[in-house]
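Structural overview for review
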Amino acid sequence: MMPKLPDELTVEIISRLPVKSLIRFKCVCKTWQSIISHPKFAKLQLTRSNCLNHRLLLTTCPPQSVDYEAFAVRKLTYPVIASGGSQDSYVQILGSCDGLVCLFDDNMIMFIWNPTTGDCRPLPNPNADFCGVLLHGIGYNYSTDDYGIVFASHSTANGIIIELYTLKTRIWRRIQDTDHLILETFKLGSGISWNGDLYWLSIKESGVSRVYTVICFDMVEEKFKEILPLPDMDPDIVSVNLGMSESCLCLFSEHEESSFEGFILNINGNQVSYHRLFRYPHHTFTGYGNKALCLTKNGQVVMDSDGWEIYLYHPKTGIFNTSFWVHHDTESQSEIYQESLVSPNC
């Protein structure tokens, strides 16, 4: 009989494995099941694994998960709490962080879901008005080891309400008054989680020019911060948005019939600088409403064409390599998420 490994050595070895393998390995024995199911192991695997896999979640009917490196598609199933388990309901994504995705359905049921493990948790609705949503997102507070959902909306009766829900406290509470900041950056939508905090790109009109500013919500201080404007942005930009390149926060911009470029953002306090990843000649994208989501390991850009088509674009060659048509009757949303063992119920 093979000698039993000490638990410490077992953890050291298996914490470097991908999530899908670990889910299967829960069946090996009770010891492994206990180790892999522990919240501390989930966090360890999240930081240690050399096989981190980012995927694209599509709110189709039923939902789908796309491995955009291999362009392989996996069908998913919404949890029962989402419209009674119906796979034909409209679901909106509020954000993702460490493998947890926050959503709400057409019955205004809000929930947080790990698409990899299937774990799910219903959330109470915020006091804010769903109809006047300004921004939202989910981040991580390392000082309390807790995840939080930020939700802001505007209504005629109540003005602007900004609330924070944390998984450990299980309550929504109002946070700082930032009316002036939010009004200037109306309808920012879903924030990108990076190093725990949440980030949005604000585009302000200043006469005939535009000022591009990064807005951050600090999960530890529970405050919005306005990062100094991005320097030297060309006036001929057609579209610009934040995205990801593995573990880096990026900015992608399309210039009118001239070029397409990507940058890595370096943020230090309220200062931001960037260095260019690429800049290539570019005429125009096919379709409409194109948004760059992230950069693949081989340098292709994952593009979302207004929720109807997902495709890979190679900026150096200008070639559209792979296209995936989203089959649905209504608009679909897309969100980059990371496969993880993190549970919304811990």
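Note on numbering: residues in each chain are counted from 1, in written sequence order. Since the coordinates come from a predicted model, pLDDT governs what is reported: local features require at least 70, and pairs of side-chain atoms require 80 or more to be given and counted, while whole-chain, interface and lining totals use all residues. Excluded from the side-chain calculation are hydrogens and water; included are all heavy atoms of the structure.

Side note on unusual backbone geometry
- Along the chain, Cys61 connects to Pro62 via a cis peptide bond; the corresponding omega equals 0 degrees.
- Going along the chain from the N terminus, every DSSP run of H or I of four or more residues is numbered as a helix, and every run of E of two or more is numbered as a strand. Residue position: Pro62 is located in the loop between strand E1 (54-58) and strand E2 (64-67).
- Despite not being glycine, Asp145 shows a phi value in the positive range, around 50 degrees.
- Here Asp145 shows up in the loop between strand E8 (133-141) and strand E9 (146-155).

Here we look at the packing of helix H1 (residues 7-14) against helix H3 (residues 30-37)
- Axis definition: a line fitted to C-alpha atoms, limited for helices to the stretch in contact. Angles are taken between N-to-C directions and run from 0 to 180 degrees. With their axes 11 Å apart at the nearest point, H1 and H3 run at an angle of 60 degrees to one another. On the basis of their axis angle, the class for H1 and H3 is oblique. Regarding H1 and H3, the two cross each other, and that crossing is right-handed. On H3, the residues that touch Asp7, Thr10, Val11 and Ile14 of H1 are Thr31, Trp32, Ile35 and Ile36.
- Following the grouping adopted for this structure description, the nonpolar residues are Ala, Val, Leu, Ile, Met, Phe, Trp, Tyr, Cys and Pro, the charged ones are Asp, Glu, Lys and Arg, and the polar ones are all others, Gly among them. Split into classes, the residues belonging to the contact of H1 with H3 amount to five nonpolar, two polar and one charged. To sort the angles, those under 35 degrees are grouped as roughly parallel, those over 145 as roughly antiparallel, those from 65 to 115 as roughly perpendicular, and the leftovers as oblique. In a left-handed crossing the near helix is turned counterclockwise from the far helix by less than a right angle, and in a right-handed crossing that turn is clockwise. Any pair of residues with heavy atoms lying within 4.5 Å of one another is described as a contacting pair.

Examining a nonpolar patch on the surface
- To count toward a patch, a residue needs a relative accessible area over 30% and no salt bridge; like charges are then connected within 9 Å, while nonpolar side chains (Val, Leu, Ile, Met, Phe, Trp, Tyr) are connected within 5 Å. Every accessible area reported is derived by Shrake-Rupley at a probe size of 1.4 Å, with residue values counting cover from the shown protein chains alone. Salt bridges are defined by distance alone: a side-chain nitrogen of Lys or Arg within 4 Å of a carboxyl oxygen of Asp or Glu. On the surface, Leu5, Leu9 and Ile13 cluster together into a nonpolar patch covering about 230 Å² of accessible area.
- Position of Leu5 among the secondary structure elements: in the segment before H1.
- Under the scheme applied here, a residue whose accessible area is under 20% of the maximum for its type counts as buried, over 50% as exposed, and between as partly exposed, the area being computed with a 1.4 Å probe on protein chains only. Judged by its relative accessible area of 35%, Leu5 falls in the partly exposed class.

Points about the packing of H1 against helix H4 (residues 39-48)
- Relative orientation of the contacting elements H1 and H4 amounts to 45 degrees, with a least axis distance of 10 Å. Accordingly, the angle class assigned to the pair H1 and H4 is oblique. Across the interface between the two elements, Val11, Glu12 and Ile14 from H1 touch Phe41, Leu44 and Arg48 from H4.
- Residues that form the contact of H1 with H4 fall into these classes: four nonpolar, no polar and two charged.

Some details on the sheet that holds strand E4 (residues 91-97)
- Strand pairing is assigned whenever DSSP detects at least two bridges linking the two strands. Taken in spatial order, the four strands of this open sheet run E4-E5-E6-E7, and their pairing is antiparallel. Two strands close off the open sheet at either side, each with one partner strand: E4 and strand E7 (120-123). Sheet twist, expressed as the average angle between the axes of neighbouring strands with direction ignored, equals 25 degrees.
- Bridge count between strand E6 (residues 110-113) and E7: four bridges; the pairing is antiparallel. Looking across to E7, one finds that Phe111 is bridged to Pro122.

Structural notes on the state of the cysteines
- When two cysteine sulfur atoms are found within 2.5 Å, that pair is recorded as a disulfide. One pass over the full model with this rule turns up zero disulfides.
- Cys102 provides the cysteine sulfur closest to Cys120, a residue in no disulfide bond, and the two sulfurs are 10.0 Å apart.

What to know about the pairing of strand E18 (residues 248-255)
- Most of E18 is tucked away, with seven of its eight residues classed as buried.
- Two elements, strand E17 (residues 237-245) and E18, share eight bridges in a ladder whose sense is antiparallel. Bridging across to E18, Ser239 finds its partner in Glu254.
- Linking E17 back to E18 in an antiparallel pair, the connection comprises two residues, with Glu246 at a positive phi of about 55 degrees.
- When E18 meets strand E19 (residues 259-268), the two strands line up antiparallel, connected through six bridges. By the bridge assignment for E19, Glu254 is matched with Phe260.
- The loop that links E18 with its antiparallel partner E19 comprises three residues; one of these, Glu257, has a positive phi angle of about 50 degrees.

So, the side chain of Thr213
- Along the chain, Thr213 turns up in strand E15 (residues 209-218).
- For Thr213, a relative accessible area of 2% gives the class buried.
- Apart from residues no more than four positions distant in its own chain, Thr213 is found in contact with Trp200, Leu201, Ser202, Glu226, Ile227 and Pro229.

Observations concerning the packing of aromatic side chains
- Between 30 and 60 degrees the pair is tilted, below 30 it is stacked and above 60 it is edge-to-face, where a pair is any two Phe, Tyr or Trp rings, Trp via its six-membered ring, whose centres lie within 6.5 Å. Per the stated rule, a full pass over the model turns up 13 aromatic pairs.
- When the ring of Tyr165 is compared with that of Trp172, the centres are 5.3 Å apart and the planes differ by 50 degrees; the resulting orientation is tilted.
- When its relative accessible area of 2% is taken as the criterion, Tyr165 is described as buried.
- Where Phe260 meets Phe278, the ring centres are 5.7 Å apart and the plane angle is 40 degrees; that geometry is what we call tilted. Of this pair, Phe260 sits in strand E19 while Phe278 sits in strand E20 (residues 271-281), and the two are 18 residues apart along the sequence.
- Since its relative accessible area comes to 2%, Phe260 is described here as buried.

The values reported here are purely geometric and, on their own, carry no functional implication.
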